[in-house]
Amino acid sequence: MEQPRLDTIYNMVCDAPKGSELSIEYMPDFFRYDDMDNDAPHVHTFYEIIWFREGGGTHTVDFKEYPIERNTLFFLSPGQVHFFDHALGYKGILIRFCTDFLKDERTDEDIFIKYNLFNTFDAQPYCTISEDTAQRLLFVLRKMEEEQSNDNLIGHVDMLRAYTKIFLILVQRHCQNCGGRGLSERKASHRLFVMFRKALEQHYMRKHTVKEYAESLNVSTKTLSNCVIESTGKPPLAFINDRITLEAKRLLRFSNMMVKEIASYLGFEDPSYFVKFFKRQTGRLPSTFKDQDEVLPVEK
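(A) Representation of the overall build of the chain in the model. Regarding its fold elements, the chain presents 11 helices and 11 strands. Looking at the chain as a whole, 49% of its 300 residues are labelled buried. Carbon and sulfur atoms form 49% of the exposed surface of the chain, whose accessible area is close to 14500 Å².

(B) Main features of helix H3 (residues 131-148). If you check H3, its first and last C-alpha atoms are 25 Å apart, about what 18 residues at 1.5 Å a residue would give, namely 26 Å. Residues of H3 that are buried include every one of Thr133, Ala134, Leu137, Leu138, Val140, Leu141, Met144 and Glu147, and no others. For H3, the secondary structure elements touched by its buried residues are strand S2 (22-27), strand S4 (47-54), strand S7 (72-76), strand S9 (91-97) and helix H4 (156-174).

(C) Examining the pattern of salt bridges more closely. In the structure shown here, the tally under the stated rule is 12 salt bridges. With its nearest N and O atoms 2.7 Å apart, the salt bridge here joins Arg197 to Asp122. Remark: Asp122 occurs in the loop between helix H2 (108-115) and strand S10 (126-128) and Arg197 occurs in helix H5 (residues 188-203); sequence separation between them is 75 residues. A relative accessible area of 3% means that Arg197 is categorised as buried.

(D) Summary view of H2. Counted residue by residue, H2 has 6 buried out of 8 residues, so it is predominantly covered. Along H2, the residues that are buried comprise Asp110, Ile111, Phe112, Ile113, Lys114 and Tyr115. Those residues of H2 hidden inside the fold are in contact with S4, H4 and H5.

(E) Structural context of the nonpolar core. Counting residues in each nonpolar core, the largest one holds 41 residues, and the members touching the most others are Phe196, Leu200, Tyr213, Leu224, Leu266 and Phe274. Listing elements by their share of this core, those giving two or more residues are H2, H5, helix H6 (210-216), helix H7 (221-232), helix H8 (236-254), helix H9 (259-265) and helix H10 (271-282). When sequence neighbours within four positions are dropped, the list of residues in contact with Phe196 reads Tyr213, Leu217, Leu224, Val228, Pro236, Phe239 and Ile240. Ile95, Ile113, Leu137 and Phe167 belong to the second largest nonpolar core, which has 30 residues in total.

(F) Structural context of the side chain of Ser189. Along the polypeptide, Ser189 turns up in helix H5. Overall, Ser189 belongs to the buried group, its relative accessible area being 7%. Polar contacts involving the side chain of Ser189 include one to the side chain of Glu230, which spans 3.2 Å. Apart from residues lying up to four places away in sequence, Ser189 is in contact with Cys227, Glu230 and Ser231.

(G) Representation of unusual backbone geometry. Here Met27 and Pro28 are connected by a cis peptide whose omega angle stands at 5°. Note that Pro28 resides in the loop between S2 and helix H1 (29-33). With a phi close to 50°, Asp62 is a non-glycine residue in the positive phi region. Assignment of secondary structure puts Asp62 in the loop between strand S5 (58-61) and strand S6 (64-67). Note on Asp62: relative accessible area 10%, which makes it buried. Positive phi, close to 75°, is recorded for Phe63, a residue that is not glycine. The topology assignment puts Phe63 in the loop between S5 and S6. Among the residues examined, Phe63 registers a relative accessible area of 6% and is labelled buried.

(H) Region of the structure containing the packing of aromatic side chains. All chains considered together, the criterion is met by 22 aromatic pairs. Look at Tyr47 and Phe118: their rings are 5.0 Å apart centre to centre, the planes differ by 70°, and that puts the pair in the edge-to-face class. Note that Tyr47 is positioned in strand S4 and Phe118 in the loop between H2 and S10, a separation of 71 residues in sequence. Phe118 carries the same exposure label as Tyr47, and that label is buried. Seen in terms of ring centroids, Phe52 and Phe74 are 5.8 Å apart; in terms of plane orientation they differ by 90°. Their pairing is edge-to-face. Of the two residues, Phe52 is situated in strand S4 and Phe74 in strand S7; the sequence distance between them amounts to 22 residues. Grouping residues by exposure puts Phe52 and Phe74 together as buried. Each residue in the set Phe63, Phe254, Phe268, Tyr273, Phe274, Phe277, Phe278 and Phe289 is aromatic and connected to the rest through ring pairs, giving one cluster. Its guanidinium or amino end placed over the ring of Phe239, Lys234 lies 4.5 Å from that ring's centre, counting from NZ or CZ.

(I) Up close: the packing of H3 against H4. Taken N-terminus to C-terminus, the directions of H3 and H4 make an angle of 170°; their axes are 9 Å apart at the nearest point. Classified by the angle their axes make, H3 and H4 are roughly antiparallel. Residue-level inspection shows Thr133, Arg136, Leu137, Val140, Lys143, Met144, Glu147 and Gln148 of H3 in contact with H4, the latter providing His156, Met159, Leu160, Tyr163, Thr164, Ile166, Phe167, Leu170, Val171 and His174. Of the residues belonging to the contact of H3 with H4, the class tally is 10 nonpolar, 5 polar and 3 charged.

Calculation rules
- Residues numbered from 1 in each chain as written.
- Predicted model: local features only at pLDDT ≥ 70, side-chain atom pairs only at ≥ 80, totals over all residues.
- Heavy atoms only, no water.
- Helix = DSSP H or I, 4+ residues; strand = E, 2+ residues; numbered from the N terminus.
- Buried < 20%, exposed > 50% of the residue type's maximum accessible area, 1.4 Å probe, protein only.
- Areas by Shrake-Rupley, 256 points an atom, 1.4 Å probe, with all protein chains shown as cover.
- Expected span 1.5 Å × (residues − 1).
- Contact = heavy atoms within 4.5 Å.
- Salt bridge = Lys/Arg side-chain N within 4 Å of Asp/Glu carboxyl O.
- Core = buried A, V, L, I, M, F, W, Y, C linked by side-chain atoms within 4.5 Å.
- Polar contact = N/O pair within 3.5 Å; in protein donor to acceptor, adjacent residues only side chain to side chain.
- Phe/Tyr/Trp six-rings, centres within 6.5 Å; stacked < 30°, edge-to-face > 60°.
- Lys NZ or Arg CZ within 6 Å of the ring centre and 35° of its normal.
- Axes fitted to C-alpha atoms, helices over the stretch in contact; angles between N-to-C directions.
- Parallel < 35°, antiparallel > 145°, perpendicular 65-115°, else oblique.
- Nonpolar A, V, L, I, M, F, W, Y, C, P; charged D, E, K, R; others polar.

Now the structure itself:
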């Protein structure tokens, strides 16, 4: 079955950045003039870095409530449902870019940079940085803003991508031990785990077994299991089931799809098996979850 567009599934979607495929906005001014109610659950079709320079309160991402502190950066991927408790109370920076902006995956490093900050449903979606790192990031950000005015010059998009990559590398270096991001691209098991994370994000709707992912990565089931457990302490099947469950929750709560439609979308031929799967994962029936609020606080 062809994958539907996000804007045919979720209730609230905003447009991707225009022009150079990257935009830089500032809080709270952006929220004052944005057409979307950012205090209500919504989903984007692009990648977004939300850098809180000042402010408190909470930021809810995929049913989990996270505290907002000074110099906290959130890394949001297309499809993640999020909202703020009071958007106009924050000061900071929003960096948004289209999915094609990070399409370069020619090296292990490129893949590691992308899938160790974004598309990490299994880890907390934020990292808190030091003021020293913040100043270094602000320097790179100024270079990005300067380059935005050079859209008529050769290599404009490549320059923006290079600055973005430098920005993400600086964050990743600082956050090596932050929220499950203590992975090293130099370690083979960690590289394989990130490749598994990438494959899972691309195929969770159709591939539901460890064997299928091992075959797609050209390794044995045992090798994949050992590497994922070594990297995270969890077996790969737990990741597969958790990713399917997360998408089911998103669709149940924030779309108009029926349970049987969601089951089919997620690759379950028998809707009753999907119901049993969801109840085993969450302790609730899909129909019950759809009508209840669920926001889980996350301990620091």
